[in-house]
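Coordinate inspection notes
The lines below spell out each chain.
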Amino acid sequence: MWLTPDEVSLKSALKLWVTEKTNDYFLLQRRRGHGDTGGKITGMLVGALDTVLDSNARMAPFRILLKVPGSQVSWVIASGATAEEVQKHWRWLDQNLLPYMAVFENKQDAASFAQGKVKGLIAEEVLGGQAALEDDPVRFREVLARFTQHFALPPQEKLVAQYTCCCWKGHVPRQGVLYLSANHLAFYSFLLGKEVKLLIPWVEITGLERVSLGLLTDVIRVRTRHRQRDFSMFLDVDEVMTVMGQLADVALRRLLDAGGLELNPTLQQPTSLTKRILEHQALCQYVLSLFGLPRSEGLREVLSCSVWTPHARCHTPGKLYATDNYVAFSSRQEGHCSLLIPLAEVLSIEKAESTSALPNPVIISVKSKRAFQLIELAQRDELLDSLGERLRTLHWRQAVAHGQSQRKKSLVHDDCHKQTKERLWEDHFAEFGRGVHMFRTDKIRKLVSMGIPECLRGELWLTFSDACSSLAGNPDYYADMVEQSLGQASIATEEIERDLHRSLPEHTAFQNETGIAALRRVLTAYAHRNPNIGYCQSMNILASVLLLYTREEEAFWLLVTVCERMLPDYFNRRVIGAQVDQSVFEELIQERLPHIADHITDLSPLASVSLSWFLTLFLSVLPFHSAIYVLDCFFYHGIKAIFQLGLAVLDANATELCASTDDGQALMTLTRYDKELCVCAEEAGPAGHTHITDLINDAYEKFGDLTVRQLEMMRCRHRIQVLQGHEDTTKENTLRLVSPDVSLSQEDLSSLYDLFKTEHFISLYWGDVVCPAPVVPRVRSRACPEQYHVDRAQFKSLYQLLAPWHCGPHTDTVAQRTFYLLNEDGDSHVSFTKFAQWIDTLYNGELNEKVRLLYRLHIPPAAYLRVLRELDLTDFNCVCPSGERKSYEDQLKQMLNDFAKEKEKGLEKSLLHMNQREFVQFCKTFCSMFHGDCSENELFQAIAMVTSLVLQIGEARHKGRTSEAGLNVTQEEGESVQQAASCSGEGSSEAQVEGDWTVSFEQILASLLTEQVLVNFLERPVDLSVKISTAKERQYQERAGLLAFQHKTR
């Protein structure tokens, strides 16, 4: 590998290099100890020194130096892992560079010329490789070369980052390098002659956590289903943990069945992943969650600045975030002060004159006749150009409507401190502004905790959630959705109709057809808008509450905002988002309420209760008026409010929970407490009820330090566990369905499933012509929950790894015929069920079952479907008995379908008779199976005897039928054999002869039974566990090596 010229001293004090070749300008050196037959201790010490002292891990054993004659200074310009690699560079220098250097009179100029050429070679390599995407491409190229050298993965494997660290094995640390790629976590170490390599696919990782090991407090523990690995001594453990969590999360979303989880398009191409992209996506996700912005928003600019806050009469420092359609500001302390300005509300963005007191000021004017001043913008001009361009291309369709005259009058009456609350809010609007772009400070948090006045609740819900921007930007959208969904019937509409009368049945607004019809339109319109979600239970309760405080169209956009922005992934097929937050909630209980966690070791019962808190936002468990207060907090703070209130509920009942003797008592305690929460002080006295405002204030006081950034990091880690839990469930369901049909042990069946799944993943890791990933997602029914299937190339690889008998050069043909035989559905994929049944037949089947399988590989459809596809005879037409012309491929597919239907009914037909050409191929397959066997000669003699016997039987049968002047086979069998022969390219006369000579499966089986050595060979037990273990070791590197070889030969 060519290296950027790096200056070194020729006379190294440690004498770590030995010169092998030299000329006027170049030296080829070997690392001392490398390749010495008698100096192993030297090589061990030097290798250990390289690992400990060199941050780049083990040094390449060969290098080439550029020197200036008469000088003690030289430059490393190339290195190599093998003598062949470095010799290749040496020859190039000798043939292409050295002759031109001899022309220079000044030796220093010649050395400079050589350095320039080497840098040019490096630049050409960088432009065409992964390093072109990195911030430091030259440095990254060298790291990538070491990664490829150590793990021999294909060039398609995108390296993202590398870190120096220690990997612990028991109490022994091993210094090395941790490589993080798009699909794998890899670790390499070389210490005292011992080389350690770890390669763990992200899809096998079930958990990432930071733990303490004795005096080491920053240890990253990586868990898989079978073991765990500990890594420590990172320079920046937070960065490593973040990158590892992101890569694992992205890989699981991309490769596993994520139940509807959305993945950013930027992250869907693993070959384009870089650490810079991951950092940007993490920041973007944080900003979207912090301000409750649409998931489709892209983060454009992030700048440090200060905003003039009139209420504080000072400039508040923080960060400015500019997205596609918003300008947002957050103070340095999250939650202290924030500002959100939709670009749809902006009239102008102008820069003012810069002074020493107001450096680089920018004025943003909005439609409500307010202006915001930003200062200390380091890149003011670039920001103004970018925002100005977006403003010019943004088309305003409707202004955000404000004012009491346009608000729907609340259908809920609450006179508790009504006038006081309204006056406080009016004062707040006068000081902090009104609308989406009001300043959000601690004062507004206190007002929200007191409960929003009924007359303002709908407006503020729309304002806090920014649903009003969607409403203003899509004035006719809801009406169109309602019109398009009218009269349409689906599973979603059936579920909606079933739940309509269960939505707040005690409220008068939903005891008449007017309220029910409005609720139906809102839910049906949303199901039509987002068919991926459709309708989920608990959406009806939320929508009915929204209708009590807002107009019908406003309620629709609030529902859109909750389902798609504020609670992403909550309402998909597997409610993954809710399960992830439940897992996060359990961790928060352990961290924030350790006294409860110590007493209740199993937190799953509490999690089951809290699930309804998250799914229905407490609407289904609290009294109605108390739950509305919770909804106020949710629209202002987002999901963080639900976490804080959940912790507060548990903390308020900590004494009773710790005193409970069983799970049932603990659940009754929480249920009773939820029912006793009230909103009016008059209710809270004698009955011992708790005021909901007290609970909210207690939650903010005790758990207010919980930030959105912390939640997002925890969600990323816990999403890994939830997805892997679903993966385990899928595996269990698949094995439970397959087990009754096979006699494999559960351990072997489980290992076989893992091997099958890994083969599927390899195609997704490095999608190539060898193993292309299926482009059309497979729909799984409840009766068949299988997730993984393999195509022809993948099955061929598994066949070579697991088949008990290898057929030499005939292996590919047998593997392809087996694939077509198992592919009964004709979709070019084999399911795990079929694969497991095939393995069970080979390893545990009776003799006649094994022979029957081999027999079926040499008769239609398995034998000729392969030939048809190889010859591409899709236009070959045959005349059916009915006179209809159908292609032979259609007939073969029809045969497969008929065979599958008959098999389901238990009416499987007897096997077709085998003609002479097919029987010869059958015998060749048997002969190829014997190569290398200890009884090879005896087996060849036995199969020769069987072949002779069967040929005699067939000839006798042929003569007998000829004398009777007719074929003694059914018309269907005769036509199939003749058509197959004609499609395979045989002449008509030859096909006629072959069609006359046939033998049956029973005759071949009886002939084989006459040779005991053949019987012993077919019944010889083979240990499947050992075969699978060996296959796991070979599978990965063989497929990776094949792809790498193909890449080099292109």
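Residues numbered from 1 in each chain as written. Predicted model: local features only at pLDDT ≥ 70, side-chain atom pairs only at ≥ 80, totals over all residues. Heavy atoms only, no water.

1. Details of the packing of aromatic side chains
The description of an aromatic ring pair uses the distance of the two centres, along with the angle that the planes make with each other. Scanning the entire structure with this criterion turns up 44 aromatic pairs. On the basis of an interplanar angle of 40° and a centroid distance of 5.3 Å, the ring pair of Phe-104 and Phe-113 is categorised as tilted. On the basis of relative accessibility, which here comes to 28%, the residue Phe-113 falls in the partly exposed class. Taking the centre distance of 5.1 Å and the plane angle of 90° together, the rings of Phe-930 and Phe-1017 count as edge-to-face. Taken together, the residues span a long stretch of sequence, with Phe-930 in the loop between α33 (916-929) and α34 (936-963) and Phe-1017 in helix α38 (residues 1012-1019) at a distance of 87 residues. An aromatic cluster of at least three residues, connected via ring pairs, comprises Tyr-753, Phe-756, Phe-761, Tyr-765, Tyr-788, Phe-795, Tyr-799, Phe-819, Tyr-820, Phe-832, Phe-835 and Trp-838. Residue placement shows Arg-709 over the ring face of Tyr-286; its charged tip is 3.9 Å from the ring centre. Above the plane of the ring of Phe-1001 lies Arg-852, whose end atom (NZ or CZ) is 5.8 Å from the centre. (Phe/Tyr/Trp six-rings, centres within 6.5 Å; stacked < 30°, edge-to-face > 60°. Buried < 20%, exposed > 50% of the residue type's maximum accessible area, 1.4 Å probe, protein only. Helix = DSSP H or I, 4+ residues; strand = E, 2+ residues; numbered from the N terminus. Lys NZ or Arg CZ within 6 Å of the ring centre and 35° of its normal.)

2. A look at the confidence of the model for the protein chain
Where the model shows low pLDDT, its predicted coordinates should not be examined in detail. On average, residues of the protein chain score 81 in pLDDT, and 81% of them reach the 70 mark or higher. Mean pLDDT across the elements of the protein chain bottoms out in helix α35 (residues 971-983) (42) and peaks in strand β15 (residues 326-331) (95). A low-confidence stretch, residues 768-784 stays under pLDDT 50, and its non-local contacts, those more than four residues away or across chains, total 34 contacts. Counted against residues more than four places away or in other chains, residues 866-883, with its pLDDT under 50, gives 36 contacts. (pLDDT = per-residue confidence, 0-100. Contact = heavy atoms within 4.5 Å.)

3. A closer look at the packing of helix α17 (residues 576-592) against helix α19 (residues 604-616)
Two elements in contact, α17 and α19, have axes whose closest approach is 10 Å; the angle formed by their N-to-C orientations is 130°. Judged on the interaxial angle alone, α19 and α17 are oblique. Every pair of crossing elements has a handedness; the one defined by α17 and α19 is right-handed. Along its contact with α17, which presents Ala-578, Asp-581, Gln-582, Phe-585 and Glu-586, the element α19 presents Ser-604, Ala-607, Ser-610, Leu-611, Trp-613, Phe-614 and Leu-615. (Axes fitted to C-alpha atoms, helices over the stretch in contact; angles between N-to-C directions. Parallel < 35°, antiparallel > 145°, perpendicular 65-115°, else oblique. Left-handed = near helix turned anticlockwise from the far one by under 90°.)

4. Examining the packing of helix α20 (residues 624-637) against helix α21 (residues 639-652)
Their axes nearest at 6 Å, the elements α20 and α21 cross at an angle of 130°. It follows that α20 is oblique to α21 by the angle criterion. Mapping the contact onto sequence places Val-630, Cys-633, Phe-634 and His-637 in α20 and Ile-639, Lys-640, Ala-641, Ile-642 and Leu-645 in α21. Of the residues in the contact of α20 with α21, the class split is seven nonpolar, one polar and one charged. (Nonpolar A, V, L, I, M, F, W, Y, C, P; charged D, E, K, R; others polar.)

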